[in-house]
Amino acid sequence: MNLPLLQTIHIAGVIALFTSLGAILLGGSGKKGASILHGVSLLLILLVGFAMLKKPPMGQHWWMVKLGLWLFIGVAPALSKRKVMPASVVLILCILAAITAAWLGIRKPF
Ligand code: HEM
């Protein structure tokens, strides 16, 4: 698959991810669909991310930081559910993590 298509799918995954996070962290009851969307979009972002990397460039480190941010956004709903942090704080941290992940993907700084 060509890079612009993979980039578009990567962004589509991010849009779906934050749709699910909004429902999980701010929504009321009946969040099963949101949890499914959360898992599916995380998987999509990861798979397409690695497809864009082709072979992980071991000389570079920015994508490893992205993996950590991806993991944080993955466990975020549990942090709210287990009352480790308020849902609003979790959501703000997720948005900051995603902004950092986007910057890393665009700039590839290290
Ligand atoms: C939830 C976490 C993530 C968010 C919010 C995110 C977001 C973004 C955004 C906005 C871009 C710039 C637009 C683009 O080039 O497509 C990007 C690029 C990229 N992302 Fe992610 N990403 C995340 C996780 C990952 C993961 C886990 C990987 C794989 C290790 C990955 C690999 C890449 C790559 C390789 C690029 C650069 C593509 C290119 O060469 O242009 N991303 N990401």
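Reading the values: the criteria
- Residues numbered from 1 in each chain as written.
- Predicted model: local features only at pLDDT ≥ 70, side-chain atom pairs only at ≥ 80, totals over all residues.
- Helix = DSSP H or I, 4+ residues; strand = E, 2+ residues; numbered from the N terminus.
- Buried ≥ 20, exposed ≤ 12 C-beta atoms within 10 Å, placed from the backbone.
- Contact = placed C-beta atoms within 7 Å.
- Near = placed C-beta within 6 Å.
- Nonpolar A, V, L, I, M, F, W, Y, C, P; charged D, E, K, R; others polar.
- Core = buried A, V, L, I, M, F, W, Y, C linked by C-beta atoms within 7 Å.
- Axes fitted to C-alpha atoms, helices over the stretch in contact; angles between N-to-C directions.
- Parallel < 35°, antiparallel > 145°, perpendicular 65-115°, else oblique.

### Digging into the overall build of the chain
Okay, so step 1: Assigned secondary structure in the chain consists of 4 helices and 0 strands.
Okay, so step 2: By principal-axis analysis of the C-alpha atoms, the chain measures approximately 40 × 25 × 15 Å.
Okay, so step 3: Within the chain, buried positions represent 16% of all 110 residues.
Okay, so step 4: Taking contacts inside the chain between residues at least 6 apart in sequence as the whole, the part at least 24 apart equals 69%.

### Quick notes on the site of the ligand
Okay, so step 1: Residues in close proximity to the ligand total 21 residues, the closest being Gln7, Gly49, Ala101, Ala102 and Gly105.
Okay, so step 2: For the shell around the ligand, the elements supplying multiple residues, two or more each, are α1 (3-26), α2 (32-53), α3 (62-81) and α4 (87-107).
Okay, so step 3: Residue composition of the shell around the ligand, grouped by class: 16 nonpolar, 4 polar and 1 charged.

### Overview of the nonpolar core
Okay, so step 1: The biggest cluster of nonpolar side chains holds 10 residues, and these are Leu17, Leu21, Ile24, Leu25, Ile45, Val48, Ile73, Ala76, Val90 and Cys94.
Okay, so step 2: Of all the secondary structure elements, the ones that give two or more residues to this core are α1, α2, α3 and α4.
Okay, so step 3: With residues up to four places along the chain from it excluded, the contact list for isoleucine 45 reads His10, Gly13, Val14, Leu17 and Trp70.

### Quick word on the packing of α1 against α4
Okay, so step 1: At a closest axis distance of 10 Å, the pairing of α1 and α4 adopts a crossing angle of 170 degrees. Between α1 and α4, the angle is such that the two are roughly antiparallel. Between α1 and α4, the residues in contact are Val14, Leu21, Leu25 and Leu26 and Ala87, Val90, Leu91, Cys94 and Ala98, respectively.
Okay, so step 2: When the residues that make up the contact of α1 with α4 are grouped by side-chain class, the tally is 9 nonpolar, no polar and no charged.

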